[in-house]
Amino acid sequence: MIISLFFIPLLSLQGQTKAVSQEDKVWSFTAKERDSMQIWFYNRATAMGLEGEKREEYYNIILYHTYKMARLDDKDKGYTPLEVRTKFDILIEKQHSEIKSILTPKQYTLYREKYDLILKSVFQRNGWEKK
């Protein structure tokens, strides 16, 4: 049930992203990255022992920020590549801060170790240096 509760919002997110015409979309997470994140969310939450409301809060924080990140480069926003990267970094820091506030130090360390692997893929694809 937890899996379906998590995948339904992500499917909704994909539908919303597709509503933006391809000419207006410059960058987003690839299908492979979204799939990896879905699996990662489930595995990480399980490995960290997150259950119930804590697990839902964890998912909601990441889903919210992931959606915001994926929409940064919509052409209708008019952001330059530097502005996209700056705003991306700000969203990442906000996400990390919110996640840190709900996890134990050990859980947060696990979260950061694994999430940084996903970010590495995003950085490489966009030609960004890791800060």
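In what follows, the structure referred to is the one given above.
Just so it is clear, the structure is predicted and the values come from calculations on it, not from any experiment.

**Student:** Looking at this model, I keep getting lost on the nonpolar core. Mind explaining?
**Tutor:** In summary, soluble globular proteins display a tendency toward joint burial of nonpolar side chains. With 27 residues, the main nonpolar core has Trp 40, Tyr 58, Phe 88, Ile 99, Leu 103 and Tyr 111 as its most contacted residues. Residue contacts for Trp 40: discarding those within four places in its chain leaves Tyr 58, Ile 62, Tyr 111, Lys 114, Tyr 115 and Ile 118.

**Student:** Would you take a moment to explain a negative patch on the surface for this structure?
**Tutor:** Taken together, the side chains of Glu 53, Glu 56, Glu 57 and Glu 98 define an acidic patch exposed on the protein surface. Top contributing element to the negative patch by residue count: helix α3 (residues 52-70), with three residues. Mapped onto the elements of the fold, Glu 98 is located in helix α4 (residues 81-102).

**Student:** For this particular structure, what's the right way to read the packing of α3 against α4?
**Tutor:** For the pair α3 and α4, the least separation of the axes is 10 Å and the interaxial angle reads 175°. Judged by the angle between their axes, α3 and α4 are roughly antiparallel. Residues Lys 54, Glu 57, Tyr 58, Ile 61, Ile 62, His 65, Thr 66, Lys 68 and Met 69 of α3 pack against Phe 88, Leu 91, Ile 92, Lys 94, Gln 95, Glu 98, Ile 99 and Ile 102 of α4. Among the residues forming the contact of α3 with α4, the class breakdown is nine nonpolar, three polar and five charged.

**Student:** Whenever I open this one, the packing of aromatic side chains confuses me. Can you help?
**Tutor:** Both the distance between ring centres and the angle between the ring planes are used here to describe each pair of aromatic rings. Across all of its chains, the model carries four aromatic pairs by this definition. Ring centres 6.0 Å apart and planes at 45° place the aromatic pair Tyr 58 and Tyr 59 in the tilted group. By relative accessible area, Tyr 58 is classed as buried at 0%.

**Student:** Before we go on, may I ask you to explain the packing of helix α2 (residues 31-47) against helix α5 (residues 105-126) in this structure?
**Tutor:** To characterise two packed helices, one gives the angle between the axes of the helices and the distance between these axes. At a minimum axis distance of 11 Å, the contact between α2 and α5 shows a crossing angle of 175°. As summarised for this structure, α2 and α5 are arranged roughly antiparallel, according to the angle between their axes. Of the residues in α5, those touching α2 at Glu 33, Met 37, Trp 40 and Arg 44 are Leu 110, Tyr 111, Lys 114, Tyr 115, Ile 118, Ser 121, Val 122 and Arg 125. Looking at the contact of α2 with α5, its residues break down into seven nonpolar, one polar and four charged.

**Student:** What's the story with α4 in this structure? I'm lost.
**Tutor:** Because each turn of an α-helix spans 3.6 residues, side chains separated by three or four positions in sequence point in the same direction. With 22 residues, α4 should cover 32 Å at 1.5 Å per step; its first-to-last C-alpha distance of 32 Å lies within 8% of that length. Buried within α4 we find Val 84, Arg 85, Phe 88, Asp 89, Leu 91, Ile 92, Gln 95, His 96, Ile 99 and Ile 102. Down the axis of α4, the sector holding all buried residues measures 165°, keeping them to one side. Opposite its buried face, α4 presents the exposed residues Leu 82, Lys 100 and Ser 101, each directed more than 90 degrees away.

Rules used in this analysis
- Residues numbered from 1 in each chain as written.
- Predicted model: local features only at pLDDT ≥ 70, side-chain atom pairs only at ≥ 80, totals over all residues.
- Heavy atoms only, no water.
- Core = buried A, V, L, I, M, F, W, Y, C linked by side-chain atoms within 4.5 Å.
- Buried < 20%, exposed > 50% of the residue type's maximum accessible area, 1.4 Å probe, protein only.
- Contact = heavy atoms within 4.5 Å.
- Patch = residues over 30% accessible without salt bridge, like charges linked within 9 Å, V, L, I, M, F, W, Y side chains within 5 Å.
- Areas by Shrake-Rupley, 256 points an atom, 1.4 Å probe, with all protein chains shown as cover.
- Salt bridge = Lys/Arg side-chain N within 4 Å of Asp/Glu carboxyl O.
- Lys, Arg positive; Asp, Glu negative; His and termini not counted.
- Charge placed at Lys NZ, Arg CZ, Asp CG, Glu CD.
- Helix = DSSP H or I, 4+ residues; strand = E, 2+ residues; numbered from the N terminus.
- Axes fitted to C-alpha atoms, helices over the stretch in contact; angles between N-to-C directions.
- Parallel < 35°, antiparallel > 145°, perpendicular 65-115°, else oblique.
- Nonpolar A, V, L, I, M, F, W, Y, C, P; charged D, E, K, R; others polar.
- Phe/Tyr/Trp six-rings, centres within 6.5 Å; stacked < 30°, edge-to-face > 60°.
- Expected span 1.5 Å × (residues − 1).
- Arc of directions from axis to C-beta.

These values are about where atoms sit, not about what they do.
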